[in-house]
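If you want the building blocks of each chain, they are given just below.
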Amino acid sequence: MTQDPNARAQIEPTEVGANAAETGDRQLTAEGSPETPDAYGSHEISIQDLDFATLAEQGHTATKLDPLAPAVLSVDNLKMYFPVKSSGVVRRTIGHVQAVDGISFEVPKGGSLGLVGESGCGKSTTGRLITRLYKPTGGSMMFQGHDLAKLSSREMKPLRRDVQMIFQDPYTSLNPRHTVGTIVGAALEVHKIVPKNKVLPRVQELLEIVGLNPEHYNRYPNEFSGGQRQRIGIARALTLNPKVLVADEPVSALDVSIQAQVVNLLQDIQTEFDVSFLFIAHDLAIVRHFCPEVAVMYLGKIVEIGDRETIYGRPHHPYTQALLSAVPDVKQAAIGGRRERIRLEGDVPSPINPPSGCRFRTRCQFAQEICAKVEPPLLQIGPRHKAACHFAGELGSHPATPVTTQLLGVDDQGSPVAGATPTNTQLTIPGYEETWYDLKTKQTTGG
Amino acid sequence: MTSVPMTQSSAAERDAAEGPYLQVEDLKVTFPTQDGPVTAVSGLTYSVEKGKTLGIVGESGSGKSVSSMAVMGLHDAKSAQISGSIRVGGTEVVGLSESKMRGLRGNSMAMIFQDALAALHPFYKIGGQLEEAYLVHHSSASKRDARRKAIEMLDRVGIPQPDRRVDDFPHQFSGGMRQRAMIAMGLINDPSLLIADEPTTALDVTVQAQILDLLQDLQREFNSAVIIITHDLGVIAEMADDVLVMYAGRCVEYGTCKQILVAPEMPYTWGLLSSIPDVTASTDARLIPIPGNPPSLLRPPSGCSFHPRCVHSDKVPGDLCRTELPALLPASSGTAHLKRCHLADPLQIYRTEVLPEIAPELVEETR
Amino acid sequence: MFAYVVKRLISGVLVVTLVSMAIFLLFWFGPSSPAQPICDRETSNRCTQTKLALYEKTLGYDNPVYEEYGKYVKGIFVGRTLTIASNDYECGAPCLGVSFRTKQPVKEELVSRIPATFSIAIGGAFLYLLFGVPIGVAAAKRRGTVADKALVSSFLFISSIPYYLFALLTWLYLTITFEVPFFSDTGYFPITEVGPFKWFSGLFLAWVALGIFGCTQYTRFTRGAMVEALSEDYIRTAKAKGLPTRTIVYKHGLRAALVPVVTIFGIDFGTLLAGTIFTERIFEIQGIGWWSLEAVQGRDLPVVQATALFSAVVLIISNLLVDVVYSVLDPRVRLS
Ligand SMILES: Nc1ncnc2c1ncn2[C@@H]1O[C@H](COP(=O)(O)OP(=O)(O)OP(=O)(O)O)[C@@H](O)[C@H]1O
Ligand SMILES: Nc1ncnc2c1ncn2[C@@H]1O[C@H](COP(=O)(O)OP(=O)(O)OP(=O)(O)O)[C@@H](O)[C@H]1O
Ligand code: SF4
Ligand code: SF4
Ligand SMILES: [Mg+2]
Ligand SMILES: [Mg+2]
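Model, not experiment: these values are computed from the prediction.

Any pair of aromatic rings gets described here by the distance separating the centres and the angle formed by the planes. This structure, assessed with the given rule, holds 25 aromatic pairs over all chains. With a centroid separation of 5.1 Å and 85° between ring planes, the pair formed by Phe277(A) and Phe290(A) is classed as edge-to-face. Placement of the pair is Phe277(A) in strand E9 (residues 276–280) and Phe290(A) in helix H10 (residues 284–290), with a sequence separation of 13 residues. Since its relative accessible area comes to 0%, Phe290(A) is described here as buried. For the pair Trp199(C) and Trp207(C), a centre-to-centre distance of 5.5 Å together with 75° between the ring planes defines the contact as edge-to-face. The class for Trp207(C) is buried, based on a relative accessible area of 8%. An aromatic cluster is defined as three or more aromatic residues linked by ring pairs; in this entry it consists of Phe24(C), Trp28(C), Tyr61(C), Tyr69(C) and Tyr72(C). When the ring centre of Tyr312(A) is taken as reference, the NZ or CZ atom of Arg288(A) above it lies at 5.8 Å.

Before going further, it helps to examine the interface of chain C and chain B. Taken together, the contact pairs 22 residues of chain C with 27 residues of chain B. Carbon and sulfur atoms supply 62% of the area that chain C and chain B bury against each other, a total of about 2,300 Å² over both sides. Broken down residue by residue, the surface that chain C buries against chain B is led by Arg236(C), Lys239(C) and Lys241(C), which jointly contribute 27%. Taken together, the connections running from chain C to chain B amount to two salt bridges.

Our next topic: the interface of chain B and chain A. The partner chain A presents 64 residues to the 66 residues of chain B that form the contact. There are five salt bridges connecting chain B and chain A. We note a salt bridge from Glu361(B) to Lys331(A), for which the minimum N-O separation is 3.4 Å. Summed over the shared surface of chain B and chain A, the number is 23 residue pairs in polar contact (both at pLDDT 80 or more). Broken down by secondary-structure element, the contributors of at least two residues to the side of chain B that touches chain A are helix H9 (205–222), helix H10 (233–239), helix H11 (257–262), helix H12 (267–274), strand E11 (286–287), helix H14 (346–358) and helix H15 (360–366) of chain B. The biggest single contributor to the side of chain B that touches chain A is H9(B), with nine residues. Among the residues forming the side of chain B that touches chain A, the class breakdown is 31 nonpolar, 17 polar and 18 charged. Alignment of strand E1 (residues 60–61) of chain A against E11(B), held across two bridges, turns out to be antiparallel. Among the inter-strand pairings, Thr61(A) is bridged to a residue of E11(B), identified as Arg286(B).

All names here are of chain B. Strand order in this open sheet of eight strands is E6-E7-E8-E3-E9-E10-E13-E12, and the pairing throughout is mixed. The open sheet is flanked by strand E6 (109–112) and strand E12 (329–331), the only strands paired with a single partner. Going across the sheet, the axis of each strand differs from the next one's by a mean of 25°, ignoring polarity. Packing of helix H2 (residues 64–72) onto the sheet brings it into contact with strand E3 (53–57), E6, strand E7 (193–197), strand E8 (225–229) and strand E9 (242–247), and relative to E6 it is tilted by some 150°.

Attention now goes to the confidence of the model for chain A. On average, residues of chain A score 83 in pLDDT, and 87% of them are at 70 or above. Note that pLDDT drops below 50 for residues 1–45 of chain A; the model gives that stretch 91 contacts with residues more than four away or on any other chain.

Turning to empty space enclosed by the protein, a few remarks are in order. Residue and element names in this part refer to chain C. Scanning all chains against the criterion turns up 11 cavities of 30 Å³ or more. The space that makes up the largest cavity amounts to roughly 280 Å³. Lining the largest cavity are 18 residues, with Phe24, Tyr61, Arg80, Pro302 and Gln305 sitting closest to its centre. Counting only elements with at least two residues in the lining of the largest cavity, the list comes to helix H1 (2–28), helix H4 (65–78), strand E1 (80–84) and helix H14 (301–329). Grouping the constituent residues of the lining of the largest cavity by class yields 14 nonpolar, two polar and two charged. Domain assignment of the residues forming the lining of the largest cavity places at least three in each of domain 1 (34–95) and domain 2 (111–329).

In this model, the second largest pocket occupies a volume close to 800 Å³. Lining the second largest pocket are 36 residues, with Ser119(A), Gly120(A), Ala202(B), Leu203(B) and Asp204(B) positioned closest to its centre. Residue classes in the lining of the second largest pocket are distributed as 11 nonpolar, 15 polar and 10 charged.

Further remarks concern the site of ligand 2. By nearness alone, 15 residues border ligand 2, and Ser60(B), Gly61(B), Lys64(B), Ser65(B) and Val66(B) come closest of all. Residues close to ligand 2 are split across chains A and B. Contact distances for ligand 2 include 2.9 Å between an oxygen atom and a side-chain N or O atom of Lys64(B). In this structure, Ser65(B) approaches ligand 2 through a side-chain N or O atom, which is 2.6 Å from an oxygen atom.

Right, let's get into the confidence of the model for chain B. Close inspection of predicted coordinates is inappropriate in any region flagged by low pLDDT. Residue and element names in this part refer to chain B. Considering every residue of chain B, the mean pLDDT works out to 89; 94% of them sit at 70 or more. Within chain B, no element has a lower average pLDDT than helix H1 (residues 8–18), which sits at 51, and none a higher one than E3, at 97. Below a pLDDT of 50 lies the segment residues 1–9, which in the model reaches 10 contacts outside its immediate sequence neighbourhood of four places, other chains included. The ipTM for the predicted assembly is 0.87, set against a pTM of 0.85.

Attention now goes to the state of the cysteines. Residue and element names in this part refer to chain C. For the coordinates displayed, the defined rule picks out two disulfides over all chains. Note that cysteine 39 is cross-linked by a disulfide to cysteine 47, the S-S spacing being 1.8 Å. An S-S torsion of about 100° defines the bridge between cysteine 39 and cysteine 47 as right-handed. Using a relative accessible area of 0% as the deciding quantity, one classes cysteine 39 as buried. Between cysteine 91 and cysteine 95 runs a disulfide, and the two sulfur atoms are separated by 2.1 Å. Taking the torsion about the sulfur-sulfur bond, which here is approximately 110°, the covalent link between cysteine 91 and cysteine 95 counts as right-handed. With respect to class, cysteine 91 is no different from cysteine 95; both count as buried.

What follows covers helix H5 (residues 126–135) of chain B. Of all 10 residues that make up H5(B), eight are buried, and the element is covered over most of its length. For H5(B), the set of buried residues is Ile126(B), Gly127(B), Gln129(B), Leu130(B), Glu131(B), Glu132(B), Ala133(B) and Tyr134(B).

Per the stated rule, a full pass over the model turns up 43 salt bridges over all chains. Here Arg101(C) and Asp300(C) are joined by a salt bridge, their closest N and O atoms 3.1 Å apart. Highlighted residues: Arg101(C) in the loop between strand E2 (87–91) and helix H5 (106–141) and Asp300(C) in the loop between helix H13 (288–297) and H14, separated in sequence by 199 residues. Several salt bridges share partner residues, and in doing so they unite Asp101(A), Lys301(A), Arg359(A) and Glu375(A) into one network.

Here is what the cut-offs are and how they apply
Residues numbered from 1 in each chain as written. Chains lettered and ligands numbered in written order. Predicted model: local features only at pLDDT ≥ 70, side-chain atom pairs only at ≥ 80, totals over all residues. Heavy atoms only, no water. Phe/Tyr/Trp six-rings, centres within 6.5 Å; stacked < 30°, edge-to-face > 60°. Helix = DSSP H or I, 4+ residues; strand = E, 2+ residues; numbered from the N terminus. Buried < 20%, exposed > 50% of the residue type's maximum accessible area, 1.4 Å probe, protein only. Lys NZ or Arg CZ within 6 Å of the ring centre and 35° of its normal. Contact = heavy atoms within 4.5 Å. Buried area = accessible area lost by both parts, 1.4 Å probe. Salt bridge = Lys/Arg side-chain N within 4 Å of Asp/Glu carboxyl O. Polar contact = N/O pair within 3.5 Å; in protein donor to acceptor, adjacent residues only side chain to side chain. Nonpolar A, V, L, I, M, F, W, Y, C, P; charged D, E, K, R; others polar. Pairing = 2+ DSSP bridges. Axes fitted to C-alpha atoms, helices over the stretch in contact; angles between N-to-C directions. pLDDT = per-residue confidence, 0-100. 1 Å grid on protein atoms, 1.4 Å probe; cavity = no way out; pocket = protein on both sides within 12 Å on 5 of 7 lines; lining within 4 Å. Points joined across faces, edges and corners; volume = space filled by probe spheres on them. Domains from an automatic or database assignment. Near = heavy atom within 4 Å. Disulfide = S-S within 2.5 Å.

Here is the structure:
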């Protein structure tokens with residue numbers, strides 16, 4: 001039947017108009033009565049009588065490396081390509097966003113691996129792959145004898161408990177309509193871990209662990225401040241006693257003073273529960289503090305990976321060097337002015353159509369012919385250090401000729417040498433070898 | 001060219017005669033709300049000379065943006081009560097008529113904002129938005145002059161192919177390019193005062209470095225007074241000549257960059273310094289958070305507004321911290337260095353207690 | 001953009017086809033025989049089984065449904081001859097059937113009624129935009145003041161009245177109680193036959209009713225969109241550039257606020273063009289809305305089918321136009 005067209009004309013603008021007006025009004029009140037931190041100030045465990053010495057004692061120093069820790073998660077040649085669809089009636093796939101393109105690393109048991117790099121380099125995608133929010137295009141992720149990359153969603157379910165995620169934005173990652181108790185306890189019920197009457201005690205225990213008042217389980221997220229919400233997110237991730245936590249920018253939405261609270265909490269949790277972290281952040285200083293090992297990503301690839309002292313003290317990849325020199329340093333105040341820095345020109349190229357050879361070559365000051373022709377392998381050049389650069393070297397002493405020619409069987413311009421036998425083209429393994437390629441002697445040496 | 005830039009020397013001479021370009025005295029900004037008045041800024045006094053940079057730091061909600069927006073006259077007269085004095089180039093702007101204020105805004109003082117994508121109009125071309133900023137203060141200039149000026153400014157801030165990109169929409173620019181375009185727009189009328197409200201917070205470090213470089217180059221070129229608002233003490237260290245630390249709407253410490261970051265005398269500043277790790281710090285340095293949360297401005301704490309979170313108040317005799325607001329007094333390192341704290345010898349406490357925890361490697365040097 | 005329009009048109013044709021099928025099936029498998037209404041009408045409600053069978057046979061209701069639907073579709077493209085009982089009716093392309101009541105081809109009647117409906121729609125929409133948007137902008141500029149609050153709540157009150165009641169009251173008060181001169185003789189008078197004044201005066205009250213009612217909604221809607229736009233960061237930027245308030249409000253604020261308003265307007269206007277049942281009935285205007293109402297009451301199946309199809313087509317076209325206009329207004333939206 002012909003429906004009454006007028007009736008529709010009435011309803012639509014009314015509804016939408018009402019909503020829009022409401023938004024406007026809400027903004028008015030939001031401005032009028034700013035969120036009062038006082039309302040949740042009472043949640044905080046008392047800080048009266050806290051003196052500096054006690055507080056300082058609770059603050060952690062940078063996490064130490066345990067070189068003997070076995071790998072809990074071993075990622076090999078992981079790839080994630082997102083299809084790009086054409087416009088038009090038939091939506092063909094016309095290309096791929098190579099968000100993650102063949103990365104390998106290990107997360108040590110009870111330790112942390114940091115993942116740094118510019119926006120869009122594939123850090124979050126890597127995190128989502130490990131928690132299997134995406135199914136990888138290729139590669140493997142070995143965890144407790146299972147290859148997470150190959151499992152079906154159903155097979156994955158029992159393992160999901162062991163690999164949990166902490167999200168960046170404490171404001172959007174918690175459902176505003178659920179109480180804290182429901183949010184934290186949901187996983188317990190889904191996985192039927194504890195009987196129903198044990199859920200609440202467990203939730204309260206978790207809240208206590210993350211430094212919230214356990215009596216506040218029936219409050220809603222909006223009654224908490226940003227830092228407290230992030231604690232709720234951490235409690236939720238801890239519910240199932242995970243073995244691996246993927247923390248995707250866990251503190252970047254927080255105020256500086258609150259960041260330190262959350263970082264300290266994560267360090268507490270790590271020592272107490274022996275969880276391993278894949279710690280994603282673009283703040284190089286926070287990563288340095290939290291992670292004894294760090295991987296630097298650029299355009300979907302790991303360009304350098306190693307222990308903290310090497311990556312921050314003696315980086316060998318031009319990108320890592322540029323990235324580090326861009327970080328403003330508080331200590332500069334004593335000297336005044338700005339530090340000498342490596343200027344990176346231009347923007348990161350599109351991951352749909354990355355540059356040939358070395359992906360960094362369009363912005364690299366050392367780029368030569370070979371860089372466009374041959375992709376540099378992620379070569380182990382120290383006991384716990386790998387870099388992917390034909391001219392890898394400490395700042396100021398990059399070699400004049402490529403260091404990789406013998407290995408790849410090419411000449412200095414990157415053209416294949418007739419009769420040369422590439423030593424090893426599949427150099428990338430998740431962990432470190434006992435022996436490595438010495439840049440000075442161009443020979444394999446051992447520790 | 002329509003505007004003739006003044007030569008550096010004559011500008012400098014004139015500045016010397018006039019004193020600081022921006023002088024803020026006893027600024028107070030109050031917003032009446034349903035729950036009662038919110039005093040977002042109170043008793044704020046600072047000044048910025050031409051060619052100098054003032055850095056303002058503080059937690060979210062400490063009044064950094066509100067105070068700078070008061071300088072720009074961006075508060076709605078109906079919803080904000082402003083008292084005190086703000087002198088821009090000798091002109092008192094508190095209470096200035098809206099039409100006179102409009103002549104200053106974007107002309108002798110400009111502001112660039114944090115989220116350039118939101119701060120640029122999504123429906124107008126970059127060029128159009130720049131031209132508009134130029135034309136409103138150059139009524140005799142033609143549309144073509146304005147376009148030429150827009151392209152020139154885009155070129156100046158390092159946008160590649162500015163004559164082509166001028167016709168792009170903001171969403172077609174990358175984050176760094178948008179912030180450059182914002183800066184170009186702010187500087188198109190050669191303002192003597194530039195306020196950058198967290199200009200790099202949302203950007204990658206590499207892009208941040210480019211933007212900071214640009215700001216410094218431009219400042220040198222235009223000899224303008226710059227205020228940079230940021231959360232990042234590293235940015236402060238590399239950019240600022242003077243630093244203003246704000247807490248709960250008040251200045252709690254004010255001094256040169258070196259004084260504030262090397263010899264701070266206020267526990268809140270210590271807290272800020274100890275709660276950020278440093279890329280070059282010793283790995284034995286502790287990360288010590290500031291406990292608790294920022295206070296409500298509706299019901300600000302009595303006495304020193306930092307007292308509910310201060311872990312050094314036990315060193316102040318009696319109940320002073322809770323009952324009495326400390327005055328902003330000269331610190332031990334010089335009269336230009338002001339601090340708001342009851343502690344008798346704060347520098348001593350910083351050097352002997354705080355520094356060994358947060359920067360053990362520096363303890364020797366400062367002795 | 002062109003590819004997008006073509007794509008949308010193709011999918012539009014698909015939807016129209018589905019709608020036509022659905023309508024066809026609905027009648028075919030309805031509670032009583034589709035020939036029942038005409039049989040009742042022709043025999044003055046003394047329709048017997050045999051007579052019904054005759055009507056069913058001549059109308060083709062004894063054939064398989066797909067066959068008849070095929071004939072119907074073919075008729076739209078090349079025309080057909082319809083037989084009802086023993087009489088033949090010529091129905092030229094595009095044939096939408098023959099009215100059971102008038103025995104006239106539906107298409108001709110439809111075409112003759114379009115001007116009335118379109119006149120109402122265009123006039124009413126013009127009025128509510130003309131008043132609604134500026135009042136909305138003014139309210140947003142003064143948001144939170146007493147005037148704004150009074151306006152918003154009174155407009156909210158008006159739009160909470162059901163439209164038919166509102167239109168009826170308008171008609172009652174203006175024609176019966178106050179006997180407004182000239183305009184009380186409502187109806188559609190073709191401009192070509194009686195001149196513009198008569199046309200205008202006949203439609204005026206309908207426009208007023210539609211205009212006021214729509215205005216209250218568009219005021220609130222514009223106000224909401226405008227309040228939101230004025231709180232955006234780019235407004236602060238515009239202010240920081242030293243632009244005059246007028247430029248800030250209109251060039252920067254309104255420009256952004258118009259996008260949702262125009263979107264909603266496109267859909268609204270489409271539904272108005274498809275026929276305004278209450279307005280036409282109350283102000284006695286011989287438009288498509290009233291016609292479809294009569295057809296439903298008189299169980300005039302071909303007319304009901306045709307009006308339903310017509311609204312589907314109008315709505316699809318207006319939706320497409322909205323999307324195209326949207327992409328013109330908002331450069332971030334690229335149609336693909
Ligand atoms: N679901 C998706 N579909 C298509 N492309 C995607 C998808 N998710 C991410 N990408 C693309 O993959 C690339 C890597 O994105 P990712 O979110 O992993 O970056 P990131 O390193 O986390 O960046 P940021 O620091 O900004 O969070 C980007 O170019 C992004 O546009
Ligand atoms: N229009 C307003 N009405 C009421 N309160 C306001 C208004 N604008 C700002 N405030 C309040 O003033 C205080 C200071 O805000 P301001 O924006 O200056 O903080 P900020 O230091 O810039 O913080 P951030 O680092 O988050 O930008 C906040 O508590 C805020 O809620
Ligand atoms: S391989 Fe070449 S382009 Fe790539 S980082 Fe090394 S020197 Fe630069
Ligand atoms: S006055 Fe007291 S509470 Fe305030 S900062 Fe100084 S010691 Fe802490
Ligand atoms: Mg990310
Ligand atoms: Mg701010």
